[in-house]
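# Reading the structure
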Amino acid sequence: RITGVGRQSLLLLSLRLLQLMSRGPCRPLQNLMLKQSGASSFNLLGKCLRLFAALEPVLSDSLRHRDASLVLLAVQLLDTVRDMCGGPNQRNQREVIASDLFFHLNRILCAQRYDHSAGGQEERASDVDETVNDLKCLLKLGCLRCCLS
């Protein structure tokens, strides 16, 4: 289990900060996520996309073990990417389209099935008040919202 990825972790709070910086039609801040001026430039959007790509294969295992931390991280990454492309910011949208994000979104949407065997008596996931089915729904909603933006 990966620790330090809970709701109040520095990683999630940093991603939330990037998301809030990109929210709305503020193109200069959105462009800053792709490339900064100066000697060293970081493609923050590309790093978010690569982190999501690395995270996608282990999401099913995380859900199977009722560990919500990686699901929360994946949803925050999707929200951050969605806001980086809002406005619409065509430069950032081209970066997303050129990545393999939609491949990973498709795999998540196809793989995450609801478990009807629990009959409403499902155990809660660790560290959160949601059930595993709730987390699957949250993950799918994040995928769809990212696709629609």
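This text follows the structure it describes.
The structure reproduced in this document is the subject of the present report. Keep in mind the model is a prediction, meaning the values are calculated, not measured. (Residues numbered from 1 in each chain as written. Predicted model: local features only at pLDDT ≥ 70, side-chain atom pairs only at ≥ 80, totals over all residues. Heavy atoms only, no water.)

This next bit is on the overall build of the protein chain. Looking only at helices and strands, the protein chain features eight helices and zero strands. When its helices and strands are written in sequence order, the protein chain yields α-α-α-α-α-α-α-α. Within the span of the protein chain, comprising 149 residues, buried residues form 42% of the whole. Intrachain contacts of the protein chain at a sequence separation of at least 6 include 69% that bridge at least 24 residues. Accessible surface computed for the protein chain: about 8400 Å², of which carbon and sulfur atoms make up 57%. (Helix = DSSP H or I, 4+ residues; strand = E, 2+ residues; numbered from the N terminus. Buried < 20%, exposed > 50% of the residue type's maximum accessible area, 1.4 Å probe, protein only. Contact = heavy atoms within 4.5 Å. Areas by Shrake-Rupley, 256 points an atom, 1.4 Å probe, with all protein chains shown as cover.)

Time to look at the packing of helix α3 (residues 44–55) against helix α7 (residues 101–111). For the pair α3 and α7, interaxial distance at closest approach is 10 Å and the crossing angle is 35°. α3 and α7 meet at a crossing whose hand is left-handed. Contacts between α3 and α7 pair Leu49, Phe52 and Ala53 from the former with Leu101, His104, Leu105 and Ile108 from the latter. Residue composition of the contact of α3 with α7, by class: six nonpolar, one polar and no charged. (Axes fitted to C-alpha atoms, helices over the stretch in contact; angles between N-to-C directions. Left-handed = near helix turned anticlockwise from the far one by under 90°. Nonpolar A, V, L, I, M, F, W, Y, C, P; charged D, E, K, R; others polar.)

All right, on to the nonpolar core then. Judged by nonpolar contacts, the single largest core of 32 residues is most densely connected at Phe52, Leu59, Val81 and Leu101. Elements with a contribution of two residues or more to this core: α1 (10–22), α3, α4 (59–64), α5 (69–84), α7 and α8 (132–148). The greatest single-element share of this core, amounting to 10 residues, is contributed by α5. Non-local contacts of leucine 59, meaning those with residues more than four positions away in its chain, are made with Leu70, Val71, Ala74, Ile108 and Leu139. (Core = buried A, V, L, I, M, F, W, Y, C linked by side-chain atoms within 4.5 Å.)

A word on α5. Between its first and last C-alpha atoms α5 spans 23 Å; for 16 residues at 1.5 Å apiece the expected length is 22 Å, and the two agree. Within α5, 16 of the 16 residues are buried, leaving the element largely enclosed by the surrounding structure. (Expected span 1.5 Å × (residues − 1).)

This paragraph deals with the pattern of salt bridges. Under the criterion given, the structure shown has five salt bridges. For aspartate 61, the salt bridge is made with arginine 64, and the minimal N-O distance between the two is 2.2 Å. Of this pair, aspartate 61 and arginine 64 both sit in helix α4, three residues apart, which is roughly one turn of the helix. The exposure class of aspartate 61 is partly exposed, given its relative accessible area of 35%. (Salt bridge = Lys/Arg side-chain N within 4 Å of Asp/Glu carboxyl O.)

So, about the packing of α3 against α5. It is at 10 Å that the axes of α3 and α5 come closest, and there the two elements cross at 150°. Comparing their axes, α5 and α3 come out roughly antiparallel. For the crossing formed where α3 meets α5, the hand is left-handed. Taking contact as the criterion, the partners of Leu45, Cys48, Leu49, Leu51, Phe52 and Leu55 in α3 are, on α5, Leu70, Leu73, Ala74, Leu77, Leu78, Thr80, Val81 and Met84. (Parallel < 35°, antiparallel > 145°, perpendicular 65-115°, else oblique.)

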